[in-house]
Each structure stands twice: as C-alpha cells, then as structure tokens.
Amino acid sequence: MNNTVFESDTLHITENNGEYYVNGERVLLVSISAFGTLKEDIANNIGLERLKGFQIRHGQELGKNDAYKAVKMNFPSIKETIFYGPKMHMMKGHAKVKTKFLKIWDSKNAEKKSVHMEGSWFNSYEAEDHLIRNGKSDTPVCNTLVGYASGYLSVICNQRVIVKETACKAKGDDFCCWVAKSIDICDEETINSELKYYEEDPIVKELGYTYEKLLEERNSLARAASIYKKLAEELLAGNDLESIAKTVYESTGLPIIIENHCFHLLAYAGLTKETFYEKDQTFKEYLNVQIEKDQKSYKPFYSTKKIVTKNHIRLVTPFYVGKKIFGYCSLIYEDVQKEVLKLDYLILERIALVCSLYLLNEKKGFEATERMKGYFLDQILSGKNVLKEEIIQRGRYINLDLNQPYYIVMIKYFHTNQDKNSQDDLVFHELFMESISEFFKERKRNLLYSQRSNGVVLLVPESELFKNRVEPFCHELIQYLSKKHKTYKFKAGISLVGNEINEAAKRYEEAVTALRITTFNNKIVSFQSLGMVGALMNGNNVEMVKKTARYLLGELYQCKDSSKNHELLKTLYVYLENGGNLELTAEDLCLSVSGLRYRLQKIKTLLGKDLNDPNFHYQLFLSLQALIMIAEIEV
C-alpha cells in the first residue's frame, strides 16, 4: 500500500516498502555529493570535454521524459506547456528557475515551432557542488540543467532547441543565466560550437575511439623508443653529432639541424649545403624580426616551439648541459602546410636528451683536458725542477710544439660596480673561464692557459698567431670578452717573445709587470713598449727605484698610502701619460678642468717643482712607471 509523503497541485510523492514515487514514477534519492563524485570519475576517464557532452545528454533525457508527460496533460496552450517545464525542473531540486523572456511562433515547417526563451537559475546544484569541490571555474558548469531545458523544449517544439549558459555562479557571477533558441534561428557559430554536445555517440563508438587513440599512443611511444635506442647506441659507440643527426634523418625522414645556444651550426642531416644555408638565412631573418620587435637581444627558447617561416616549418627544442641552455635541435618541414604530429614533439625531445648527454660527456672530457693543461702551464711557470726536454715531450702529447717562440699573456678583469659581493665574483670567474675556453674552441686555437685571481695567464705559441703578431690576438680576445660581459672591463699584459721554454717564468714576470702599467684607456701593454724602464727593472734594483722615487716625489711619495695622496699620484700619472694635456686628463679622470687644475696645483706644492719642466716631467713619469712595475703603487 502506498503512503503519501507529500502532495501539492503539481507534486505527489508516495512511499511503499522503500520505493519512492513522484507523480507515479519511481525515483531514487541521491545526494549532490554523490553526483559530484560520479562526475569526477567520468572526467578522469573520458576528459572534461566529453564529460560536458555526457552531462548535457543525460539532462536532455530527463527533460524529454518530463516533456512527454506534460504533453499528455493537454494544457490549453503551448505557452502553458512550456511554462510547466521550469516547474518540473524546480520540483526535481536542480535549481530555482525564473523565465525572463519567451517568444513562440510557427516555423516554416507547420509541424514545428520556433522558440526563443531566456531565464535565470538560482541555487544550481551543479554550480554549488563545483564551488565546493574545485573552487571558481573559468567556464559555465551547469551542463545537466542545460540538457534538461534543451530536452524539454525540443519535445514541445518538435525540433532541436539549443540551450547555452551565458553566466554561471561557479564562475563568480551572482546567479546563472541561460538562452534557448530552436535550431532554425540559431546562428552558425552557436550551432558549430554547441551542437556536438547534443549528438549522442554510442558507448561502443566511444570505446572504439578510445582504443584507437591508445593504439596510436602506444605505436608513437614504440617508435620514439626505437629511435631513442638507435641514438643511444650511437652515443655509446662514441660517434659524433654528425652521426647522431644522420641517424635521426634515416629514422624519421625529417631533416635535422643541431646548433649551439647562439644558433651556430654544430651538425645537420637531410639537407644539401645550399638548402641548409637557404633555411638558415630565413630563420635568422625571423630571429632579427623578433629582436627588432622586442628592441633587445632575442630571448632563448626554453621549451619546444613551432616556427613557421616563408619557406619551411621549424620545430625547435633546447637541450641543456647542467642548468644552462647549450644549444637547440630543430626538425625541418619543407612544406609549410604540413601538419606537425605530436609524435614529432616526442621524438625531438628524445633527440635533445641524447644531444645533452653527448655534449655533457664532451664538456667533462674537455674540462679534464683543460685542467691538465692548466696544471702543466703552472708547472712550466714555476721554473722548478722541470727539464726543457721533459716539457717539450709533454707538449707533444697535447699536440703543442713548445720548441717554438712563444708569448706569455696575463689578462685581468674588473667589474664596473665596486659594490659586488664575493659570491658574484666566484660566479663570474667561472663564466669568464668558460668564455676563454669558448673563444679558443671556436677559433680552433691550441694553447695553454691557467686560472689566476681575477684573471688568466696564457702561453701562446707563435704558430697560433696571425703573422706572429700577439697584439691583434689580445685585442680580439678582449673585444670578445667585453662584448660577452658588458659590466666588466679587461686588461692584458704581454711579455717579450720567449725562445726557450724553461725561461717561461721570466716571461711571466714580464707579462705581470706590463699588466700593472695598463689603464682603461691603454688596455693592452707589452713589456717591449716599456722601453728602457722595463729593461732596467730587475729584482736587484728595487730599493734604488724606491730611493729615487722618494727623492723626486717628496711628500707625495711619503704619504702615498693615504687615500688623498693615492688620488694625487693617480692624477699625476694620467696627466704625464697624456703629455700634460688638461682636457684629455680631465676626461680620463672624470673631473672638471677646474677640479683638475686644483689637484695639479696641490701636486706642484707637494713636489716643490714646476711640472712644465720637460726634464723633470720625464723623470717623474719614469719613476711612477717603475713604482707601478714593482707594485709599490697602483693606478
């Protein structure tokens, strides 16, 4: 026997032995959270896009079922039949429905009705559950409500009615809003974007589609793994990047280019030389456009990127050594209309990984060799217990002829900002040594170099120089370093030419001495340019130099350690170096001419002599140079 639980004009709920009936139809009482859990499980299995279609079609069936009942109730007009739908919808507890606008008219087909309806939903269970579980949404979420309204109106109007949610509480709106239009009055954009959710795909078709996608993914992974295995074999066999690039082309049929972080070529395959340069030129044009657009140097690619140029598509991905981008791998598509497959992204990332491993191995081997060469140079420069024949023999092991003339070059760096901390110095020193290494590697120069505090010492054989000239070599190196590290300044001191390798220690002292004479206007100084001052300087006459300087400089020398006198000595040296030219000296010292005159007057007072006396002028300059050479003062 049925027991009445609730009864009104439109709603009649009865219960019989655990069975609940609403208007004579058996129903289930299910909590909103249970629906939310079901929704999450479905989304995890078929994705959010398919879930939306599933919910709309589920709601559509609910709406259709209620519409068939409404039709049997024989309402006096179609408007009353339509208005019965929102009542049924509210009765089911989905939301409170308020209709704002309704227009119904005869369609071209007499059996169908055209409809345009708008309204609001308050307290939507779908919006409420989404906010509790996931927080605010970027898109409307009341898909079951949309489906219900569509299903109900479609039956009443005898044609498809598309419902679209235009505002949603889950998005942060005050309440949910919707618009319903029969398909004959919908715009093409709405039909294209929404109709797909109403088309029902049988579960077998869904499973078949899923199986095909899984099979495709499996085959893609298998192919990517096969290519990666071949590349790993190339790596283990000790083959170079050219061989790796060739293997990629043979396995994929796609041309490949491998470049360093500045997009300088390391290897390529699958392109003729002419085609490569044509594609490279087009790509460089693309980069230049980006530079002009940003008005600064181009930002590196940190992830895989598809680039379309006028004559090819380039799929580019970076590869790393340590935490730094070391270079880029690019797959080339000569047809600009060609579709780039997801598999190609996967393969390219595997190629980049192999390139990283190859270059990491190369880098470690290179660093080990360079460290060994650095230790070797330190041993040579020490001049202790090393026979000439042994040095020359060890040089042959690293393809270096140390029986030929050579120069010792000392390079030092200075930061333009004096407030840097020591950790910055350590980081930069590593970058500085990497830059030195890159310079020689790019120019295929074979020489010895070793680290020094804030600098590096080089042993440069004449065979590694253009026309045996060391100054242009130093200019090129300092220009390279200055361009790469704009916040630093660099100076170089050059020794006399050495003919005997076991005299390298003397040449080293000459380079250090020449370096002391450098200024930021005269960044490169050779020991030879010091003339007689350099020739006369040796360890036995240091005290004589000090005595002569003390006599010539008087009070200026006696108080040289004070900051004021240090500035005066520096001013005097730059003034003498510029031949007494006030304008040049003021510019070099960043002083006004009047400020320089004040300093020079003070210097004259301390010296007690006229700076315009040519003989005294010359003796002062030699004395200051000598003091700088013995590191007694620093300019």
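Residues numbered from 1 in each chain as written. Predicted model: local features only at pLDDT ≥ 70, side-chain atom pairs only at ≥ 80, totals over all residues. Heavy atoms only, no water.

Visitor: Any chance you could explain the overall build of the protein chain here in plain terms?
Guide: In terms of helices and strands, the protein chain carries 21 helices and 18 strands. Taking all 635 residues of the protein chain together, 43% fall into the buried category. Restricting the contact set of the protein chain to residue pairs at least 6 apart, pairs at least 24 apart contribute 61%. Looking at the protein chain as shown, the accessible area adds up to about 35,500 Å², and 51% of this sits on carbon and sulfur atoms. (Helix = DSSP H or I, 4+ residues; strand = E, 2+ residues; numbered from the N terminus. Buried < 20%, exposed > 50% of the residue type's maximum accessible area, 1.4 Å probe, protein only. Contact = heavy atoms within 4.5 Å. Areas by Shrake-Rupley, 256 points an atom, 1.4 Å probe, with all protein chains shown as cover.)

Visitor: Quick question: what am I supposed to make of the packing of helix α3 (residues 78-91) against helix α5 (residues 143-157) here?
Guide: Direction vectors running N to C along α3 and α5 enclose 155°, while the axes themselves pass 10 Å from each other. Between α3 and α5, the crossing angle belongs to the class labelled roughly antiparallel. Seen along the crossing, α3 lies across α5 with a hand that is right-handed. Residues Ile-78, Thr-81, Ile-82, Tyr-84, Gly-85, Met-88 and His-89 of α3 pack against Leu-145, Tyr-148, Tyr-152, Leu-153 and Ile-156 of α5. (Axes fitted to C-alpha atoms, helices over the stretch in contact; angles between N-to-C directions. Parallel < 35°, antiparallel > 145°, perpendicular 65-115°, else oblique. Left-handed = near helix turned anticlockwise from the far one by under 90°.)

Visitor: Looking at this model, I keep getting lost on the sheet that holds strand β13 (residues 324-333). Mind explaining?
Guide: Paired through backbone hydrogen bonds, the strands of a sheet run either parallel or antiparallel to each other. On the basis of which strands lie adjacent, the open sheet formed by 5 strands has the order β10-β9-β13-β12-β11 and antiparallel pairing. Two strands lie at the open edges of the sheet, namely β10 (265-269) and β11 (305-308), each paired on one side alone. Looking at each pair of strands side by side, their axes are set apart by 20° on average, direction ignored. Sheet topology places strand β9 (residues 256-260) next to β13; 5 bridges connect them, and they run antiparallel. Paired with Ile-257 across the two strands is Ser-330, which belongs to β13. Against the sheet, helix α8 (residues 241-252) touches β9, β10 and β13, its axis set at about 35° to β10. (Pairing = 2+ DSSP bridges.)

Visitor: How should the packing of helix α2 (residues 48-72) against helix α6 (residues 188-198) be read in this particular structure?
Guide: Axes are the key here: two packed helices are described by the angle between their axes and the distance separating the axes. It is at 7 Å that the axes of α2 and α6 come closest, and there the two elements cross at 70°. In terms of orientation, α2 and α6 fall into the roughly perpendicular class. Residues Glu-49, Lys-52, Gly-53, Ile-56, Arg-57 and Gln-60 of α2 pack against Glu-194, Lys-196, Tyr-197 and Tyr-198 of α6. Class assignment for the residues of the contact of α2 with α6 results in 3 nonpolar, 2 polar and 5 charged. (Nonpolar A, V, L, I, M, F, W, Y, C, P; charged D, E, K, R; others polar.)

Visitor: Could you clarify how one ought to interpret the side chain of Asp-344 in this entry?
Guide: Note on placement: Asp-344 falls in helix α10 (residues 342-382). Note on Asp-344: relative accessible area 7%, which makes it buried. In contact with Asp-344, other than residues within four places in its own chain, are Leu-254, Leu-315, Leu-331 and Tyr-333.

Visitor: Looking at this model, I keep getting lost on empty space enclosed by the protein. Mind explaining?
Guide: Unoccupied space between atoms shows up once a probe the size of one water molecule is rolled over them. Under the defined criterion, the tally for this structure stands at 1 cavity of 30 Å³ or more. Estimates place the volume of the largest cavity at around 110 Å³. Of the residues belonging to the lining of the largest cavity, the class tally is 10 nonpolar, 2 polar and no charged. (1 Å grid on protein atoms, 1.4 Å probe; cavity = no way out; pocket = protein on both sides within 12 Å on 5 of 7 lines; lining within 4 Å. Points joined across faces, edges and corners; volume = space filled by probe spheres on them.)

Visitor: What is the right way to look at the nonpolar core in this model?
Guide: Across soluble globular proteins, nonpolar side chains have a tendency to be buried as a group. The biggest cluster of nonpolar side chains holds 38 residues, and the ones touching the most others in it are Met-117, Trp-121 and Cys-142. In terms of residue count, the dominant contributor to this core is α5 (9 residues). When sequence neighbours within four positions are dropped, the list of residues in contact with Met-117 reads Ile-82, Pro-86, Thr-99, Phe-101, Leu-102, Leu-153, Trp-178, Val-179 and Ala-180. In this structure, Val-525, Leu-568, Leu-569 and Leu-627 belong to the second largest nonpolar core, which totals 32 residues. (Core = buried A, V, L, I, M, F, W, Y, C linked by side-chain atoms within 4.5 Å.)

Visitor: Even after reading the chapter, I still don't get helix α11 (residues 388-397), so can you show me in this structure?
Guide: An α-helical segment advances 3.6 residues per turn. Residues three or four places apart therefore align on the same side. Within α11, burial applies to Ile-391, Ile-392 and Gly-395. The arc enclosing the buried residues of α11, seen along the axis, measures out at 95°, which places them on a common side. Residues of α11 that are exposed and angled more than 90 degrees away from the buried face: Glu-389, Arg-396 and Tyr-397. Following α11 by one or two positions, Asn-399 adopts a phi angle in the positive range, close to 60°. (Arc of directions from axis to C-beta.)

Visitor: Just checking my understanding: could you explain the pairing of strand β5 (residues 96-106) for this structure?
Guide: Each regular strand displays side chains that alternate between the two surfaces of the sheet. One ladder, built from 10 bridges, connects β5 with strand β6 (residues 113-122); its direction is antiparallel. Each residue of the ladder has a partner; that of Lys-98, found in β6, is Ser-120.

Visitor: Looking at this structure, I do not really get a nonpolar patch on the surface. What am I missing?
Guide: A cluster of nonpolar residues, Val-30, Phe-35 and Leu-38, forms a patch on the protein surface that exposes about 260 Å² of accessible area. Along the chain, Leu-38 turns up in helix α1 (residues 32-46). (Patch = residues over 30% accessible without salt bridge, like charges linked within 9 Å, V, L, I, M, F, W, Y side chains within 5 Å. Salt bridge = Lys/Arg side-chain N within 4 Å of Asp/Glu carboxyl O.)

Visitor: Mind showing me how you'd approach the pattern of salt bridges here?
Guide: A side chain with one charge may pair with a side chain of the opposite charge, provided their charged atoms come close. This structure, assessed with the given rule, holds 17 salt bridges. Here Lys-484 makes a salt bridge to Glu-438, at a shortest N to O gap of 2.3 Å. Highlighted residues: Lys-484 in helix α13 (residues 470-484) and Glu-438 in helix α12 (residues 422-442), separated in sequence by 46 residues. Judged by its relative accessible area of 36%, Lys-484 falls in the partly exposed class. Take Glu-438: its relative accessible area is 22%, and that puts it in the partly exposed class. The partner of Glu-442 in a salt bridge is Arg-443, and the shortest N-O contact between them spans 3.5 Å. Given a relative accessible area of 46%, Glu-442 falls into the partly exposed group.

Visitor: Looking at this structure, how should I read the sheet that holds strand β14 (residues 406-415)?
Guide: Pairing is mixed in the open sheet, where 5 strands are placed in the order β15-β16-β14-β17-β18. A single partner strand is all that each edge strand has here, and the edge strands are β15 (448-452) and β18 (524-526). Taking the axes of each pair of neighbouring strands and ignoring which way they run, one obtains an average angle of 20° across the sheet. Across the sheet, α13 lies against β14, β16 (455-461), β17 (488-494) and β18, angled at about 165° from β17, the strand it touches most. The sheet contacts of helix α14 (residues 504-517) involve β14, β15, β16, β17 and β18, and relative to β14 the element is tilted by about 35°.

Visitor: Would you mind showing me how to read the confidence of the model for the protein chain here?
Guide: Mean pLDDT over the protein chain stands at 83; residues scoring 70 or higher make up 88%. Mean pLDDT per element in the protein chain: helix α15 (residues 531-536) is the minimum at 61, and strand β8 (residues 176-182) is the maximum at 95. (pLDDT = per-residue confidence, 0-100.)

Visitor: Looking at this structure, how should I read the side chain of Glu-462?
Guide: Mapping Glu-462 onto the fold places it in the loop between β16 and α13. We note that Glu-462 is buried and unpaired, the nearest opposite charge coming from Arg-469 at a distance of 11 Å. (Lys, Arg positive; Asp, Glu negative; His and termini not counted.)

Visitor: Please clarify how unusual backbone geometry should be interpreted in this entry.
Guide: The phi angle of most residues is negative, glycine excepted, and most peptide bonds adopt the trans form. Despite not being glycine, Phe-263 shows a phi value in the positive range, around 60°. Locating Phe-263 in the fold gives a position in the loop between β9 and β10. Since its relative accessible area comes to 9%, Phe-263 is described here as buried.

Visitor: Sorry if this is basic, but what is going on with the pairing of β13 here?
Guide: Counting buried residues along β13, 8 of its 10 residues qualify, which places the element largely inside the surrounding structure. Pairing of strand β12 (residues 313-321) with β13, which is carried by 9 bridges, proceeds in the antiparallel orientation. Residue pairing across strands places Arg-314 opposite Ile-332, the latter belonging to β13. Here β12 hands over to β13 after 2 residues, with Gly-322 in that stretch at a positive phi of 70°.

Visitor: Sorry if this is basic, but what is going on with the packing of aromatic side chains here?
Guide: To describe a pair of aromatic rings, you give the distance between the ring centres and the angle between the ring planes. Summed over the entire model, instances satisfying the criterion amount to 20 aromatic pairs. The interplanar angle of 10° and the centroid separation of 4.6 Å between the aromatic rings of Tyr-268 and Phe-276 together place this pair among those described as stacked. Joined through ring pairs, the aromatic side chains of Tyr-413, Phe-428, Phe-432, Tyr-488 and Phe-490 make up one cluster. When the ring centre of Phe-414 is taken as origin, the NZ or CZ atom of Lys-491, which lies over that ring, is 4.8 Å away. (Phe/Tyr/Trp six-rings, centres within 6.5 Å; stacked < 30°, edge-to-face > 60°. Lys NZ or Arg CZ within 6 Å of the ring centre and 35° of its normal.)

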